[in-house]
Amino acid sequence: MGAPGSGKTQVCLGIAASVSLGLKQHVLFLDSTGGFTASRLYQMLQAQTEDEEEQLEALQRIQVVRVFNIYEVLSALQELRDRLSQQVVSSTGPLKMVLLDSVSAVIYPLLGGRQSEGLALMMQLSRELKTLAREFSLAVVVTNQVTRDSSTGPLKPALGRSWSFVPSTRVLLESKEGS
Amino acid sequence: TEPASSSGLSAGTQSPRTHAAHADPLTRRQNGSDTRERPRACAEAPPAGFAPGARLAAAGFQTAQELLDTGPCGLSKEIGISREEALEALQVVRQECHGDAARPAGGSGATRKYTALELLEEEQSQGFIITFCSALDNILGGGVQLTKITEICGAPGVGKTQLCMQLAVDVQIPECFGGVAGEAVFIDTEGSFMVDRVVDIAAACVQHCHLIAEAQQEEDHQKALETFSLENILSHIYYFRCRDYTELLAQVYLLPEFLSEHSKVRLVVIDGIAFPFRHDFEDLSLRTRLLNGLAQQLIIIANDHRAAVVLTNQMTTRIGQSQSTLVPALGESWGHAATVRLILHWDNSQRLATLYKSPSQKESTIAYHITSHGFRDVQPPAVTHSTEGTELNPRKRPRAEEEKQQ
């Protein structure tokens, strides 16, 4: 999680690149912000290896799904679960990592106000991710936003307390002046 | 019906019945010739060891669409299989259908799944919308990118609306000159759109293209120039005026329909997204929610129609412990909406543009000028006839134009 421009998408791309190239495992990237730039990923791969064959293979191991609302995320995860539980050895091969870029982008429009389903959907999403991680031993990486209480308050993670129990590890990215 | 091909699932069948009946993206061709193939696809379903093909036909299912419509519960009751098996069968059918659904449909509604390699190829063939200020194009990586949301923030008078108008003209540059040959939608909330100014900018753009065509003397340049005229440019900018936030929201949510009728639109400009949301909004959490919903809708529009979305934002003051800084308005959560963020600001009397957030470019700052011809570099590139970088107040109509022309 981090402020805008702190590098969350870059970190995700870097993780995807190194898992796909170094560990030769498949990666599923769920992009909900439209920030996935394949040319930047390619740049990162080129920096890690000179071999073009390997770069192209690594690119093919990363599958990108563009999901723009919570229902699409849930159905993409459901489809993933079906595919994995059937153990279909298709072109996607052994999946080891799921990256969801910006869970807050899909959940924010639902929270608050008089809508009560927002919280329920958020918990359903977290349950899906946790079962996926546990049953199929996947690594799940999720990016989140930060908000402020008031215009002068400190930064805190978005999505509130309920979500804060979901991830096992939290990394805050921030840019400090002069670093 | 014509004989089904052995692959059976090819997309381009010549069915006498039209397939345009449904707007539902999951609709397949209501085509009798394929039905024999569908149950076979189910029978090929992996290890479940379950071949309902015959049972499906016996139960009276004719098309894949009926299967999908029935749902797993209905299906399990009809054929007498367990619900899990019905679910699996439907998944296979759905996947097969997705596999041959026309890719050019843009995956609207259906899952948009690609490998990174395919996306890379797509990106490399995509064009940019140039801004005529080469320094700005450089830091943006070629220009304003299609399928992404770009946010332009700045204090009043620094040139946001000028840049938007420039982009609305530049998106129409024909492909042989390096443009994307698209149309533009301009949604104005502040009322700062001046048609006279767009005429100036468009005239300068057309003149620039004429110069290039003369210098290079190519066939398609001449042909393109015939359609690239002032009237044409102005007629392809679709202007909407929204007075408050409900109108703006309505306009954005209605935009996909408009865009599917005008499929050549490659740019959507919302000039002043902050204005309707800033004054008079008591419920801040409602504002955050509305803005986030708006952002997601814009991302969907940008992605499905391969258009660039450009938003302009205002600046507000954040009062820190010891000093105050200018930050973009609409709060922290709005900062995540845009993929690319450009902040325009002043440094004494020089206008600067800083790229604050971009998925593929690094942060940098450049200087620019606003001339009577629009957005330009500080030092004009060494092309003959380009205007000098004189700084004119963009709101004043240029008076000494004719003297400067050679």
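Everything numeric in this text was worked out from a predicted model, so none of it was measured.

Each value, and the rule that gives it
- Residues numbered from 1 in each chain as written.
- Chains lettered and ligands numbered in written order.
- Predicted model: local features only at pLDDT ≥ 70, side-chain atom pairs only at ≥ 80, totals over all residues.
- Heavy atoms only, no water.
- Helix = DSSP H or I, 4+ residues; strand = E, 2+ residues; numbered from the N terminus.
- Contact = heavy atoms within 4.5 Å.
- Areas by Shrake-Rupley, 256 points an atom, 1.4 Å probe, with all protein chains shown as cover.
- Rg over C-alpha atoms; globule rule 2.2 N^0.38 Å.
- Buried < 20%, exposed > 50% of the residue type's maximum accessible area, 1.4 Å probe, protein only.
- Lys, Arg positive; Asp, Glu negative; His and termini not counted.
- Charge placed at Lys NZ, Arg CZ, Asp CG, Glu CD.
- Pairing = 2+ DSSP bridges.
- Axes fitted to C-alpha atoms, helices over the stretch in contact; angles between N-to-C directions.
- pLDDT = per-residue confidence, 0-100.
- Patch = residues over 30% accessible without salt bridge, like charges linked within 9 Å, V, L, I, M, F, W, Y side chains within 5 Å.
- Salt bridge = Lys/Arg side-chain N within 4 Å of Asp/Glu carboxyl O.
- Phe/Tyr/Trp six-rings, centres within 6.5 Å; stacked < 30°, edge-to-face > 60°.
- Lys NZ or Arg CZ within 6 Å of the ring centre and 35° of its normal.
- Parallel < 35°, antiparallel > 145°, perpendicular 65-115°, else oblique.
- Left-handed = near helix turned anticlockwise from the far one by under 90°.
- Nonpolar A, V, L, I, M, F, W, Y, C, P; charged D, E, K, R; others polar.
- Buried area = accessible area lost by both parts, 1.4 Å probe.
- Polar contact = N/O pair within 3.5 Å; in protein donor to acceptor, adjacent residues only side chain to side chain.

> What is the right way to read the overall build of chain B from this model?
When its secondary structure is counted, chain B shows 14 helices and 14 strands. Considering only contacts within chain B whose residues lie at least 6 apart along the sequence, 65% involve residues at least 24 apart. Carbon and sulfur atoms form 51% of the exposed surface of chain B, whose accessible area is close to 19,400 Å².

> Would you mind showing me how to read the overall build of chain A here?
When its secondary structure is counted, chain A shows seven helices and six strands. Going from the N terminus to the C terminus, chain A shows its helices and strands as α-β-α-α-β-α-β-α-α-β-β-β-α. Here chain A has a C-alpha radius of gyration of 17 Å; the compact-globule value for 179 residues is 16 Å, and the two agree. For chain A, the spread of C-alpha atoms along the three principal axes comes to 50 × 50 × 25 Å. For chain A, the residues scored as buried account for 50% of the 179 residues in total. A separation of at least 24 residues holds for 74% of the contacts in chain A among residues at least 6 apart in sequence. Roughly 8,500 Å² of accessible area belongs to chain A as shown, and the carbon and sulfur atoms make up 51% of that amount. Each charge class in chain A was averaged separately, 17 positive and 17 negative side chains, and the resulting centres sit 11 Å apart.

> Mind showing me how you'd approach the sheet that holds strand β7 (residues 265-271) of chain B here?
Strand pairing in a sheet takes place through backbone hydrogen bonds and is either antiparallel or parallel in direction. Residues and elements named next belong to chain B. Strand order in this open sheet of nine strands is β6-β5-β7-β8-β4-β11-β12-β13-β14, and the pairing throughout is mixed. Bordering the open sheet on either side are β6 (237-241) and β14 (374-377), each of which pairs with just one other strand. Across this sheet, the average inter-strand angle for adjacent strands is 25°, counted without regard to direction. Where strand β4 (residues 149-154) lies against strand β11 (residues 340-347), five bridges are found, and the strand directions are parallel. Considered in β11, the bridge of isoleucine 152 is made with leucine 342.

> Would you mind going over the confidence of the model for chain B with me for this structure?
Detail in the predicted coordinates should be disregarded across regions flagged by low pLDDT. All names here are of chain B. Per-chain confidence: chain B averages 73 in pLDDT, with 67% of residues scoring 70 or above. This model gives residues 100-110 a pLDDT under 50, and the stretch forms 13 contacts once residues within four places in sequence are excluded. Across residues 382-406, where pLDDT falls below 50, the model places 37 contacts with residues more than four positions away in sequence or in other chains.

> What exactly am I supposed to notice about the pairing of β11 of chain B here?
Each regular strand shows side chains that alternate between the opposite faces of the sheet. Residue and element names in this part refer to chain B. Across seven bridges, β11 lies against strand β12 (residues 350-357) in antiparallel orientation. Paired with aspartate 347 across the two strands is glutamine 350, which belongs to β12. Taking the residues that link successive antiparallel strands as the turn, the β11-β12 hairpin has two residues, and the phi of asparagine 348 there is positive, at about 55°.

> What is the right way to read a negative patch on the surface from this model?
On the surface, Glu218, Glu219, Asp220 and Glu226 of chain B cluster together to form a negatively charged patch. If you trace the backbone, glutamate 226 of chain B turns up in helix α9 (residues 219-227).

> It is not clear to me how the pairing of strand β2 (residues 62-66) of chain A should be interpreted in this structure. Could you clarify?
Residue and element names in this part refer to chain A. Among the five residues that make up β2, five are buried, leaving the element largely enclosed by the rest of the structure. Residues Ile62, Val64 and Arg66 point to one face of β2 and Gln63 and Val65 to the other, with burial holding for every one of them. Sheet topology note: the strand β1 (residues 26-31)/β2 ladder contains five bridges and is parallel. Across the sheet, the residue bridging to leucine 30 is valine 65, located in β2.

> Just checking my understanding: could you explain the side chain of threonine 354 of chain B for this structure?
Relative to the assigned elements, threonine 354 of chain B resides in strand β12. In this structure threonine 354 of chain B touches Arg341, Leu342, Ile343, His345, Ser364 and Thr365 of chain B, once residues within four positions along its chain are discounted.

> Got a minute to help me understand the packing of aromatic side chains in this structure?
Ring pairs (aromatic) are described by centroid distance and by the angle formed between their planes. All names here are of chain B. Summed over all chains, the structure comprises eight aromatic pairs over all chains. An aromatic cluster is defined as three or more aromatic residues linked by ring pairs; in this entry it consists of Phe186, Phe193 and Tyr239. Its guanidinium or amino end placed over the ring of phenylalanine 132, arginine 376 lies 4.8 Å from that ring's centre, counting from NZ or CZ.

> Just checking my understanding: could you explain the packing of helix α8 (residues 195-216) of chain B against α9 of chain B for this structure?
For any two helices packed against each other, the geometry is given by the interaxial angle and the distance between the axes. Residue and element names in this part refer to chain B. Direction vectors running N to C along α8 and α9 enclose 160°, while the axes themselves pass 9 Å from each other. Relative to α9, the element α8 lies roughly antiparallel. The hand of the α8/α9 crossing is left-handed. In this structure, α8 contributes Cys209, His210, Ala213 and Gln216 to the contact, and α9 contributes His221, Gln222 and Leu225. Classifying every residue of the contact of α8 with α9 by side-chain character gives three nonpolar, four polar and no charged.

> Is there a simple way to explain the interface of chain B and chain A in this structure?
One frequently used descriptor of interface size is the decrease in accessible area upon assembly of the parts. Contacts between chain B and chain A engage 35 residues on the former and 48 residues on the latter. When the two sides are added together, the surface that chain B and chain A hide from each other amounts to roughly 3,800 Å², 55% of it contributed by carbon and sulfur. At the junction of chain B and chain A, the tally comes to zero salt bridges. At the surface where chain B touches chain A, the tally comes to seven residue pairs in polar contact (both at pLDDT 80 or more). Elements with a minimum of two residues in the side of chain B that touches chain A: α4 (83-100), β1 (112-115), α5 (116-124), α13 (284-304) and β9 (315-319) of chain B.

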